[in-house]
Amino acid sequence: MASENISEFYAAVCAEHGIKLNPHIVDVLEKTAVTENVTLKLAGNNRLRRVQRLDDKDVLALSKCLRNNTRVTGLNVRYNNITDDGAGHLADLLQEDSSALLSLNLMFNNIQTNGADVLAKSLQYNSTLLSLGLSGNKIENRGAMHLASMLQVNNTLKELQLADCDLATQSVIAFAIMLKSNSSLHSVDISRPLLFSHQEEWAVHFSEMLVLNSSLVELHLGKMGMTDTGMERLTEGLLLNHSLRYLDLRCNRVTRDGLRLLAKVLKQNPTLEVIDLSSNRIEDEGAVYLSEAVAWPGCVLRELSVSSNNIRTEGLLSLAQAMKVNKTLSHIYIWGNHLEEPVCQAFGELMTSGRLPPEQTDVSAYEVDGQVFLAELTHSLRRHYYSTDSDGTDTSNHL
């Protein structure tokens, strides 16, 4: 189907259902070359120009256009005004035998519990969708429970993003239980749930899941309120896990004691390549534990973020020295710590020697009156390393 044909089809559908044409959709359809495996990029947060955000009626028209269309395999409609009704239209599309969608990004819309329910029911019968992004939608505990139940049946979904969805302890634990037997999901993000218990029961269940699950390669547990107690439980499972490659623990309350346990894992785990520890409380002693693990023979860690951890000279110098010993660690992010002159000199030398390329860190060295300083760069760890391309290609091997 040529681009002019799909745009004409969209206009015809709108006329049939009495829906006003959305100029943003028209523009994207006209500019998108509809070859094999294309993603329609209809995000509502375009930084370069103002666009008309999609609502439920726009989604209805789009879903009608995409039926029997085998070339459009991705739909990105994040940051729009889609509610439960719009989610229902997309659920109807996903239940069609002719649905070709491999990825659906609905992040930061207005979908709530009922919308999550209809999407979950449609995915019990859908066998094509590989990636579902729902982060930023307030589906809450009940909506998340519907999606967790769906994982008992669905064996094709590979990526599920549920950050900032107001999940509660019950649904977080439910996902851990489902992941014990689910062998298709490669990436899960449940960051920033609303957990009011301080006992960290969820960490016990995720630890048990990590022992049994051999397919998960990326796990996001940011903003969980995790302390060293939760880290202790989690590392018990990590010691016996041989598939996880990216662990996101940013914005928690992990201190030096938790890092001592994580360092033990890094010395033994043969797969963990990327760790995000930004905005925790590891300080100098935690950084020293981490440095010992990085310098340990056989450590496979490739990318590490310890930004904003109240680390001072001792800890940062130990990390710089570990990079000289371990050539595997290629990316390190340190901004937000105490970057005193010895630290600036050490990391400046790493960059000058070529050991640490400027695009693989978040600082840049410069000199004033013979003294070296570090300036902040906008580089950081990629939020998601695993992804499914619009042609269904698994890109997790590019971690």
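Below is a summary of the structure that appears in this document.

### Some thoughts on the pattern of salt bridges
Applying the stated criterion across every chain yields a total of 16 salt bridges. The shortest N-O distance in the salt bridge between Glu96 and Arg67 comes to 3.8 Å. One end of the pair, Glu96, is in the loop between helix H4 (84–95) and strand S3 (103–105); the other, Arg67, is in the loop between helix H3 (56–66) and strand S2 (72–76), and 29 residues separate them in sequence. Residue classification places Arg67 among the partly exposed positions, given a relative accessible area of 24%. The salt bridge involving Arg383 is made with Asp248; its shortest N-O contact spans 3.1 Å. Placement of the pair is Arg383 in the segment after strand S13 (371–376) and Asp248 in strand S8 (residues 246–248), with a sequence separation of 135 residues. Among the residues examined, Arg383 registers a relative accessible area of 34% and is labelled partly exposed. For Asp248, a relative accessible area of 0% puts it in the buried group. Via salt bridges that share partners, Lys138, Asp164, Asp166 and Arg192 belong to a single interconnected network.

### Notes on the sheet that holds strand S4 (residues 131–133)
The strands making up a sheet associate through backbone hydrogen bonding, with each pair oriented either parallel or antiparallel. Pairing in this open sheet of eleven strands is parallel, and the strands run S1-S2-S3-S4-S5-S6-S7-S8-S9-S10-S11 from one edge to the other. Of all the strands in the sheet, just strand S1 (38–41) and strand S11 (331–333) have a single pairing partner and so form its edges. On average, adjacent strands in this sheet sit at an angle of 5° to one another, irrespective of strand direction. Pairing of S2 with S3, which is carried by three bridges, proceeds in the parallel orientation. Bridge assignment links Gly74 to a residue of S3, and that residue is Ser103.

### As for a nonpolar patch on the surface
The grouping of Val211, Leu212 and Leu240 at the surface amounts to a nonpolar patch, some 280 Å² of accessible area in total. Within the fold, Leu212 resides in helix H8 (residues 201–212). The exposed category is assigned to Leu212, whose relative accessible area is 54%.

About the criteria used
- Residues numbered from 1 in each chain as written.
- Predicted model: local features only at pLDDT ≥ 70, side-chain atom pairs only at ≥ 80, totals over all residues.
- Heavy atoms only, no water.
- Salt bridge = Lys/Arg side-chain N within 4 Å of Asp/Glu carboxyl O.
- Helix = DSSP H or I, 4+ residues; strand = E, 2+ residues; numbered from the N terminus.
- Buried < 20%, exposed > 50% of the residue type's maximum accessible area, 1.4 Å probe, protein only.
- Pairing = 2+ DSSP bridges.
- Axes fitted to C-alpha atoms, helices over the stretch in contact; angles between N-to-C directions.
- Patch = residues over 30% accessible without salt bridge, like charges linked within 9 Å, V, L, I, M, F, W, Y side chains within 5 Å.
- Areas by Shrake-Rupley, 256 points an atom, 1.4 Å probe, with all protein chains shown as cover.

Purely spatial values, then, with no claim about function.
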